[in-house]
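Spelled out, the chains give:
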Amino acid sequence: AQKVTQAQTEISVVEKEDVTLDCVYETRDTTYYLFWYKQPPSGELVFLIRRNSFDEQNEISGRYSWNFQKSTSSFNFTITASQVVDSAVYFCALSDLSGSARQLTFGSGTQLTVLP
Amino acid sequence: NAGVTQTPKFQVLKTGQSMTLQCAQDMNHEYMSWYRQDPGMGLRLIHYSVGAGITDQGEVPNGYNVSRSTTEDFPLRLLSAAPSQTSVYFCASSYSIKRDAGELFFGEGSRLTVL
């Protein structure tokens with residue numbers, strides 16, 4: 001069965017610091033998809049990125065970057081020069097062949113607080 | 001753009017009462033689903049639908065019913081609410097049932113409290 005672990009329950013940083021959110025996943029499938037979602041204090045879920053298991057290229061989008069390593073089953077998310085608006089709960093999620101067609105298995109989330 | 005719309009946003013029920021959480025999407029999406037979010041547990045799939053007239057159970061279906069009479073609507077029914085159903089509920093949709101069909105689009109959530 002698939003599983004996603006976000007071991008960091010809460011992280012607190014000071015503005016402009018870099019911060020990395022860890023995500024470790026388990027799956028028996030060779031084809032799978034990994035996601036990151038952001039949940040700001042207002043409560044909605046904001047899609048950040050999707051990565052398939054055959055694409056191990058790291059990705060950078062502005063201050064956000066993602067490091068996908070199949071060898072360690074990790075899909076870590078780094079925010080560079082953090083800002084107060086980055087304060088949110090961040091969820092890592094996995095979709096593989098064992099679940100329903102579009103089922104996402106979510107980690108428990110990491111609460112990031114960026115202090116001014 | 002409306003996207004995925006959930007109503008109500010907040011609801012308080014007494015144990016044993018019934019209610020329906022509404023979900024509507026205006027993107028002609030094939031796939032719709034309901035998740036619940038509980039502290040420290042992330043989101044868990046309750047029920048999903050791959051098209052009008054087709055529904056199936058997710059990870060935590062007990063106590064909930066769904067139906068999909070139209071492509072746009074996917075209501076979630078609690079027949080006899082229990083305190084364990086206190087949670088935040090999210091409806092999500094996707095244009096395709098295929099796994100490589102991109103992201104799920106989520107509604108803004110419905111916070112339900114059962115006393």
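Up top you'll find the structure we're talking about.
Residues numbered from 1 in each chain as written. Chains lettered and ligands numbered in written order. Predicted model: local features only at pLDDT ≥ 70, side-chain atom pairs only at ≥ 80, totals over all residues. Heavy atoms only, no water.

1. Some thoughts on the overall build of chain B
Then, number 1: A count of helical and extended segments in chain B gives zero helices and eleven strands.
Then, number 2: In chain B, the succession of α and β elements from N to C terminus is β-β-β-β-β-β-β-β-β-β-β.
Then, number 3: By the compact-globule yardstick of 13 Å for 115 residues, chain B fits well, its C-alpha radius of gyration being 13 Å.
Then, number 4: Classification of the 115 residues of chain B by burial places 48% in the buried group.
Then, number 5: Taking the intrachain contacts of chain B between residues at least 6 apart in sequence as the baseline, contacts between residues at least 24 apart amount to 53%.
Then, number 6: As displayed, chain B has an accessible area near 5,400 Å², and 50% of this comes from carbon and sulfur atoms.
Then, number 7: Here chain B contributes 9 positively and 10 negatively charged side chains, and the mean placements of these two sets differ by 8 Å. (Helix = DSSP H or I, 4+ residues; strand = E, 2+ residues; numbered from the N terminus. Rg over C-alpha atoms; globule rule 2.2 N^0.38 Å. Buried < 20%, exposed > 50% of the residue type's maximum accessible area, 1.4 Å probe, protein only. Contact = heavy atoms within 4.5 Å. Areas by Shrake-Rupley, 256 points an atom, 1.4 Å probe, with all protein chains shown as cover. Lys, Arg positive; Asp, Glu negative; His and termini not counted. Charge placed at Lys NZ, Arg CZ, Asp CG, Glu CD.)

2. With respect to the sheet that holds strand E8 (residues 76-78) of chain B
All names here are of chain B.
Then, number 1: What the four strands build is an open sheet, ordered E1-E3-E8-E7; its pairing is antiparallel. Two strands close off the open sheet at either side, each with one partner strand: strand E1 (4-7) and strand E7 (64-66). Going from strand to strand, the sheet's axes swing by 20° on average, the running direction of each strand aside.
Then, number 2: Two elements, strand E3 (residues 19-25) and E8, share three bridges in a ladder whose sense is antiparallel. (Pairing = 2+ DSSP bridges. Axes fitted to C-alpha atoms, helices over the stretch in contact; angles between N-to-C directions.)

3. A word on the pattern of salt bridges
All names here are of chain A.
Then, number 1: In the structure shown here, the tally under the stated rule is six salt bridges over all chains.
Then, number 2: Among the salt bridges present, the one from Arg63 reaches Asp86, with a minimum N-O distance of 2.8 Å. On the criterion of sequence distance, the pair formed by Arg63 in the loop between strand E7 (59-61) and strand E8 (64-69) and Asp86 in the loop between strand E9 (74-79) and strand E10 (88-95) is long-range, its members being 23 residues apart.
Then, number 3: Beyond isolated ion pairs, a larger network of salt bridges with shared partners links Arg51, Asp55 and Glu59. (Salt bridge = Lys/Arg side-chain N within 4 Å of Asp/Glu carboxyl O.)

4. Focus: the side chain of Ser93 of chain B
Residue and element names in this part refer to chain B.
Then, number 1: Locating Ser93 in the fold gives a position in strand E9 (residues 87-94).
Then, number 2: According to the relative accessible area criterion, Ser93 is buried, its value standing at 0%.
Then, number 3: Side chain to side chain, Ser93 and His29 meet in a polar contact 2.7 Å long.
Then, number 4: Contacts of Ser93, omitting those with residues within four sequence positions, involve Val4, Gln25, Met27, His29, Tyr31, Met32, Glu103, Leu104 and Phe105. (Polar contact = N/O pair within 3.5 Å; in protein donor to acceptor, adjacent residues only side chain to side chain.)

5. Let's talk about the state of the cysteines
Residues and elements named next belong to chain A.
Then, number 1: With the rule as written, the count across this model stands at two disulfides over all chains.
Then, number 2: What pairs with Cys23 in a disulfide is Cys92, and their sulfur atoms sit 2.0 Å apart. Its S-S torsion of about -65° marks the bond between Cys23 and Cys92 as left-handed, since a negative value means left-handed. Of this pair, Cys23 sits in the loop between strand E3 (19-21) and strand E4 (24-26) while Cys92 is found in strand E10, placing the two residues 69 residues apart along the sequence. In this structure, Cys23 and Cys92 share a single accessibility class: buried. (Disulfide = S-S within 2.5 Å.)

6. Overview of the side chain of Ser53 of chain A
Then, number 1: Its location among the elements puts Ser53 of chain A in the loop between strand E6 (46-52) and E7.
Then, number 2: A polar atom in the side chain of Ser53 of chain A sits 2.8 Å from the backbone oxygen of Thr30 of chain A.

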